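# Observations on chain architecture
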4 protein chains.
Amino acid sequence: MARGVNKVILIGNLGGDPETRYMPNGNAVCNITLATSDSWKDRNTGQLQERTEWHRVVFFGKIAEIAGQYLRKGSKVYIEGRLQTREWEKDGIKRYTTEIVVDIGGQMQMLDGRGDGGGYDQQPQGGQQRPQQPAPQQQAQPVQQPDYQRAAPAAQIPPEPAPAQSYDNFDDDIPF
Amino acid sequence: MARGVNKVILIGNLGGDPETRYMPNGNAVCNITLATSDSWKDRNTGQLQERTEWHRVVFFGKIAEIAGQYLRKGSKVYIEGRLQTREWEKDGIKRYTTEIVVDIGGQMQMLDGRGDGGGYDQQPQGGQQRPQQPAPQQQAQPVQQPDYQRAAPAAQIPPEPAPAQSYDNFDDDIPF
Amino acid sequence: MARGVNKVILIGNLGGDPETRYMPNGNAVCNITLATSDSWKDRNTGQLQERTEWHRVVFFGKIAEIAGQYLRKGSKVYIEGRLQTREWEKDGIKRYTTEIVVDIGGQMQMLDGRGDGGGYDQQPQGGQQRPQQPAPQQQAQPVQQPDYQRAAPAAQIPPEPAPAQSYDNFDDDIPF
Amino acid sequence: MARGVNKVILIGNLGGDPETRYMPNGNAVCNITLATSDSWKDRNTGQLQERTEWHRVVFFGKIAEIAGQYLRKGSKVYIEGRLQTREWEKDGIKRYTTEIVVDIGGQMQMLDGRGDGGGYDQQPQGGQQRPQQPAPQQQAQPVQQPDYQRAAPAAQIPPEPAPAQSYDNFDDDIPF
DNA sequence: TTTT
DNA sequence: TTTT
């Protein structure tokens, strides 16, 4: 149940390799940082400005395993998740960090054509090793290039023809 | 698995009561039409123009049951689904209809404060009756105001403090 | 120009009245906090859990004026913006706050049927007064229930007929 | 103004080269077809199924010129637009076609790393020639790899640190 | 810390 | 008609 909508959609590049860890129950958690960039012309100087926004993304569960396996530093990726802010403390001072959580309700889509992470290598990424005991059923699953969050579509789905619209009789009062 | 993203987000009002039917296997299918409206000033005449777009939305599965149960003509609703075009034939002529499919990968959120459909009555909606034999487990589920597609969130969730940003030292070259 | 996508979509309720201020150049800035809620059943205890996520939303420009004018504590609203993290300092310690920025590239949509803020009163909201000198042209604009970000649509817009799909010949291997 | 939300987000590949035409007033219109694919395992046979959905996308205005210039058959692209259904007639029979309209309120983002269309060549695309008389100002604009719909961001935007969350004390009742 |  |  929910009262509200909390949705984040990002397309960006990884600032570093993903970091995957495992919880005591065997569930995976994978962290990445994602850069999205804007550039615009300064109104006064006319100079081209650029600004990069960095996002903290955390994957949970099966999607975390695949993120850790296929993404690499530099990978371009589509992310759909939700905003979540958590509290932490340093030197007795409370701080807050906002993350984009991607779990069963989210989506991840690699955008590097090759089907790899677009990164440096394809070795299973380092970091904390998966505990061997728990959650053996997840290891068994041969994870291919995934989707997540995609139900099987309905029965038929033919392409949709129709003549291109004629705009010849349009006047100035139209679509833009 | 998916190679691509196919997402539709709508907020609008139902043009009529939902129509729910059941497939041979007991699964529910619910159809609604949804109106979204735009208005704008004609560039030439300066007159206020209005245009309503009508969308065909089809729910599948458990979310179809809840849509049929809670939505009514006039209800305001948030919909998240995917585009799908299907072929059909009339008088030997092929036609195509594009619908917004909402199933396990989608979301529905009622936006009428009361928690009912915002519509005329609250009687279980008519139309085809659910077959009594199949899928009895779904009848057992006491469906409250639903969400769908929402995993249990992470552990803590504190409000987030921070002073409002000072914009006093801003010049003209900013956010807009 | 952009290299990436940075989009946030929220539907929630305001935790308090909006706070509007004006920058030296006359541009408005409006801050709100928005709550989105999730509830779910604890897997172990079966108890219903609830968690509220609080979001800091900041409007800029014309949309800030309308947000400040129409939204109130408790208002339900649809927001489309982008994530942005800014640095600030307290007691010599750097902190970071993530906000959802809504400006010309974003959207706001009130979801309280009445067309008012759904809140307590309809008085022009207090807080910092608008400076009288700059940007007088914006005061002149009679702001109705707004949209933003909506181009005039194309010429015609008929409702769309088509027979409902027959699912009678479906087997178990379908849409969900 | 709008009463409702009508948003489509697609990531897919072009089925053919874009077709650009110009309206009498000099405004560009560009049509593409976009494929999004799903694959899933048949529940009964266990076989991998695939289904491609084809979308008709129409760009208007400046974004149409850039789409026509940079996109090619096979290009991967992110699209944000709105649903619109238009009526047309053939043999005295009314038909309806649903398109995704991308104009000033939408967005386009090329996802082929190279910065070209990812397609076959980079020659200015054929089709109807732009009329030389009207809208000369648009020809003057040196269109680079665009964004659209992106306002200049706020003043500062530093990266956001914080220690990675410790999940060691988590039990089974968490994020997924 | 990414990318073009 | 695309892509992997």
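Within an unreviewed UniProt entry, the label attached to chain A reads Single-stranded DNA-binding protein, and the organism entered is Thiopseudomonas denitrificans. Quoted straight from UniProt, the Subunit (unreviewed entry) entry for chain A says "Homotetramer." The Function (unreviewed entry) comment attached to chain A in UniProt states, word for word, "Plays an important role in DNA replication, recombination and repair. Binds to ssDNA and to an array of partner proteins to recruit them to their sites of action during DNA metabolism."

In terms of regular secondary structure, chain A is built from two helices and eight strands. Order of helices (α) and strands (β) in chain A, N terminus to C terminus: β-β-β-β-β-α-β-β-β-α. Looking at the 176 residues of chain A, the share that counts as buried comes to 59%. Carbon together with sulfur atoms contributes 48% to the accessible area of chain A, which is approximately 7,400 Å² in total.

Let us now look at the environment of His55(A). Note that His55(A) resides in strand β5 (residues 48-60). What makes His55(A) buried here is its relative accessible area of 4%. Distance in space between the C-alpha atoms of His55(A) and Asp17(A) is 14 Å, their sequence separation being 38 residues. Residues within four places of His55(A) in sequence aside, it is in contact with Leu10(A), Ile32(A), Thr33(A), Leu34(A), Thr36(A), Ile100(A), Asn6(C) and Leu83(C). At 2.9 Å, the side chain of His55(A) forms a polar contact with the side chain of Thr36(A).

This part takes up unusual backbone geometry. All names here are of chain B. Not every positive phi belongs to a glycine, and Asp91 is a case in point at roughly 55°. Looking at where Asp91 falls in the secondary structure, it is placed in the loop between β6 (76-90) and β7 (93-102). On the accessibility criterion, Asp91 (68% relative accessible area) is exposed.

For the rest of this paragraph, the subject is helix α1 (residues 62-70) of chain A. In terms of burial, α1(A) is a largely internal element, seven of the nine residues being buried. Within α1(A), the full set of buried residues consists of Ile63(A), Ala64(A), Glu65(A), Ile66(A), Ala67(A), Gly68(A) and Tyr70(A).

A few words on the confidence of the model for chain A. All names here are of chain A. This prediction gives chain A a mean pLDDT of 74; 63% of its residues lie at or above 70. When the criterion is pLDDT under 50, residues 115-127 qualifies, and its contacts beyond four places in sequence or with other chains add up to 31 contacts. Across residues 131-163, where pLDDT falls below 50, the model places 102 contacts with residues more than four positions away in sequence or in other chains.

Attention now moves to the pattern of salt bridges. If the charged atoms of two oppositely charged side chains come close together, the side chains can form a pair. What the rule picks out here adds up to 28 salt bridges over all chains. As a salt-bridge pair, Glu50(C) and Arg3(A) come within 2.4 Å of each other at their nearest N and O atoms. A residue pair is termed interchain when its members come from two chains, as with Glu50(C) in strand β5 (residues 48-60) and Arg3(A) in strand β1 (residues 2-3). Each member of the salt-bridge network shares a partner with another, and the members are Lys7(A), Glu80(A), Lys7(B) and Glu80(B).

A few words now on the environment of Ala35(B). Residue and element names in this part refer to chain B. Among the structural elements, Ala35 can be located in strand β4 (residues 28-41). Overall, the relative accessible area of 10% leaves Ala35 in the buried class. It is 16 Å that separates the C-alpha atoms of Ala35 and Val101, two residues lying 66 residues apart in sequence. The contact partners of Ala35, leaving out residues within four places of it in the chain, are Ile11, Gly12, Asn13, Thr52, Glu53 and Trp54.

Let's shift gears to the pairing of strand β6 (residues 76-90) of chain D. Residue and element names in this part refer to chain D. Among the 15 residues in β6, twelve count as buried, and that is most of the element. Across six bridges, strand β2 (residues 5-14) lies against β6 in antiparallel orientation. Bridge pairing in β6 links Leu10 to Ile79. Here β6 runs beside strand β8 (residues 107-110); their pairing, made up of four bridges, is antiparallel. Residue pairing for β8: Val77 is matched across the bridge by Met110. For β6 and strand β7 (residues 93-102), the ladder comprises nine bridges, and the chain directions are antiparallel. Bridge pairing in β7 links Arg86 to Thr97. Here β6 folds back onto β7 in antiparallel fashion, the turn holding two residues, of which Asp91 has a positive phi close to 55°.

With that settled, consider the environment of Lys76(B). On the secondary structure map, Lys76(B) appears in strand β6. For the pair formed by Lys76(B) and Ile93(B), sequence separation is 17 residues and the distance between their alpha carbons is 35 Å. Discounting chain neighbours no more than four positions away, the residues touching Lys76(B) are Ile11(B), Gly12(B), Asn13(B), Met110(B), Leu111(B), Asp112(B) and Leu111(C).

Each value, and the rule that gives it
- Residues numbered from 1 in each chain as written.
- Chains lettered and ligands numbered in written order.
- Predicted model: local features only at pLDDT ≥ 70, side-chain atom pairs only at ≥ 80, totals over all residues.
- Heavy atoms only, no water.
- UniProt positions renumbered as here; feature names shortened; annotations may be inferred.
- Helix = DSSP H or I, 4+ residues; strand = E, 2+ residues; numbered from the N terminus.
- Buried < 20%, exposed > 50% of the residue type's maximum accessible area, 1.4 Å probe, protein only.
- Areas by Shrake-Rupley, 256 points an atom, 1.4 Å probe, with all protein chains shown as cover.
- Contact = heavy atoms within 4.5 Å.
- Polar contact = N/O pair within 3.5 Å; in protein donor to acceptor, adjacent residues only side chain to side chain.
- pLDDT = per-residue confidence, 0-100.
- Salt bridge = Lys/Arg side-chain N within 4 Å of Asp/Glu carboxyl O.
- Pairing = 2+ DSSP bridges.

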